[in-house]
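Below are the chains, spelled out letter by letter.
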Amino acid sequence: MVTTAVDRKDRIAALRYDYAAQPKQSVTSCNLCGATEFVILTHHDRYGYPVQAHACRRCGLVFLNPRMNAEAYGSFYNGVYRPLVSAFHGRLIDARTIQDEQREYARERAEFIRPFITDSGARTLLDIGGSTGVVAHHFVREFGLQGTLIDPAPLEVEQAQVLGLQTVTGLVEEHDFGNERFDVVIICQTVDHLLDVGGTLARVRQLLSKHGLLFIDIVDFRAAYLRNWSVEDATKIDHPYYLTEPTMVAYLRRSGFAILRSDYAADHLHVSYICRPDAADEKAMPTSASVDELLREVRYVQNSAHGAGLKA
Ligand SMILES: [Zn+2]
């Protein structure tokens, strides 16, 4: 069966999720560089919800503005997120069905990090936004680690408990880990979902042991709009942030991480990084040329004959 745009619109409407009525907060300064001059790129997301994506004029960070507050995102992940993604794709995606996909992802990522973790003496793992625990569980088994997982979605954390992981239902920005430190921290397909990327990375830096490793990956925003040839289709309320290579690298350097290896994933959409703690370079910034290039490319995708033709 061919899924048409009309079917998709109907399926999303049937969820009766009132995005406009959700409590929101305005972003007044850039989470990466602190600048206050923004460029509004878009006015609705891929689901058709009225939401703007802004770009920081100084560093090129792209983010939703205004965006839902922590409480609204809490209820979003507790029952709206997976049904919404299912309605968008026209097939059931839930805490069970995503596990096959996560197993494949886990195998690939484990091989990427293996050279750095083997013989490193690492004993403990923290998976931030670890969903059903499939990835953490795989890492625990492959590398003999003790695994802890934190995620805001109760149904997914339930599945993670079944796999024998220590679990926390909540957000890493809000949870107090006390004096606990971890040898390996993984943030898989999660950074784009965070409410405060800079704050979380600073927190992770504190949670990481002296010789620890951080694995993190992004949905490359440029890859996302180039593959769909639509900037709107590359944005969604699930993602408060839209990272690119220049903005992610600046985030990592500012937060006190040195990048050991980067990887363009086989899906051509994700970019992964393995990092170790380093002195923070608080002035690290994307070049102004990279910002100009991003804005020029966004305008090109929005206005080229190819893009206009598809939308007509
Ligand atoms: Zn900025």
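For the structure given in this document, a descriptive report is provided here.

**A look at the overall build of the protein**
1) Next: When its secondary structure is counted, the protein shows 11 helices and 13 strands.
2) Next: In terms of overall size, the protein behaves like a compact globule, its C-alpha atoms giving a radius of gyration of 19 Å where 312 residues would be expected to give roughly 20 Å.
3) Next: On the principal axes, the C-alpha backbone points of the protein span a range of 60 × 45 × 35 Å.
4) Next: Relative to its 312 residues, the protein shows a buried fraction of 53%.
5) Next: Pairs at least 24 apart in sequence give 69% of the contacts found in the protein among residues at least 6 apart.
6) Next: A total of about 14,700 Å² of accessible surface is found on the protein, and carbon and sulfur atoms cover 49% of it.
7) Next: Separation of charge centres in the protein, based on 33 positive and 39 negative side chains, amounts to 2 Å.

**Quick word on the sheet that holds strand β13 (residues 270-277)**
Where strands meet in a sheet, backbone hydrogen bonds hold them as pairs that are either parallel or antiparallel.
1) Next: One open sheet holds the seven strands; their spatial order is β8-β7-β6-β9-β10-β13-β12, and the pairing between them is mixed. Taken across any chain shown, the strands that pair with only one partner, and hence form the sheet edges, are β8 (166-169) and β12 (257-264). Between one strand axis and the next, the sheet turns through 15 degrees on average, direction left out of account.
2) Next: By the bridge criterion, seven bridges tie β12 to β13 in an arrangement that is antiparallel. Opposite F257, over in β13, you have P277 as the bridge partner.

**Here's the deal with the sheet that holds strand β3 (residues 53-56)**
1) Next: Taken together, the four strands give an open sheet; going across it, the order is β2-β3-β4-β11, and neighbouring strands pair in antiparallel fashion. Each edge of the open sheet carries a strand with a single partner, namely β2 (38-42) and β11 (241-242).
2) Next: With three bridges connecting them, β3 and strand β4 (residues 62-64) associate as antiparallel partners. Looking at the pairing, A55 lines up with V62 of β4.

**Focus: helix α1 (residues 5-14)**
1) Next: Of all 10 residues that make up α1, one are buried, and the element is exposed over most of its length.
2) Next: Immediately beyond the C-terminal end of α1, within one or two residues, lies R16, with a positive phi of roughly 55 degrees.

**Thoughts on the coordination of the zinc ion**
1) Next: Protein coordination at the zinc ion: the donors are C30 (SG), C33 (SG), C56 (SG) and C59 (SG), at 2.3 Å from the metal.
2) Next: Given four donor atoms and angles of 102 to 117 degrees at the metal, the environment of the zinc ion is assigned as tetrahedral.
3) Next: Binding-site remark: the zinc ion is held by donors from one chain whose sequence spacing is C-x2-C-x22-C-x2-C. Highlighted residues: C33 in the loop between β1 (24-25) and β2 and C59 in the loop between β3 and β4, separated in sequence by 26 residues. Across the pair, C59 and C33 agree in class, each one buried.

**What about the side chain of R82?**
1) Next: Relative to the assigned elements, R82 resides in helix α3 (residues 81-89).
2) Next: Apart from the residues lying within four places of it in its own chain, the contact partners of R82 are I93, D94, I98, S131 and E156.

**Regarding helix α5 (residues 134-143)**
1) Next: When α5 is considered as a whole, its buried residues turn out to be V134, V135, A136, H138, F139 and F143.
2) Next: Contact partners of the buried residues in α5: α4 (98-117), β6 (124-128), β7 (146-151) and β9 (182-187).
3) Next: Once α5 finishes, G144 follows within two positions and takes phi at roughly 60 degrees, a positive value.

Parameters and conventions
- Residues numbered from 1 in each chain as written.
- Predicted model: local features only at pLDDT ≥ 70, side-chain atom pairs only at ≥ 80, totals over all residues.
- Heavy atoms only, no water.
- Helix = DSSP H or I, 4+ residues; strand = E, 2+ residues; numbered from the N terminus.
- Rg over C-alpha atoms; globule rule 2.2 N^0.38 Å.
- Buried < 20%, exposed > 50% of the residue type's maximum accessible area, 1.4 Å probe, protein only.
- Contact = heavy atoms within 4.5 Å.
- Areas by Shrake-Rupley, 256 points an atom, 1.4 Å probe, with all protein chains shown as cover.
- Lys, Arg positive; Asp, Glu negative; His and termini not counted.
- Charge placed at Lys NZ, Arg CZ, Asp CG, Glu CD.
- Pairing = 2+ DSSP bridges.
- Axes fitted to C-alpha atoms, helices over the stretch in contact; angles between N-to-C directions.
- Donors = N, O, S within 2.8 Å, 3.2 Å for Na, K, Ca; no water.
- Tetrahedral: all angles 85-135°; square planar, octahedral: opposite > 155°, others 65-115°.

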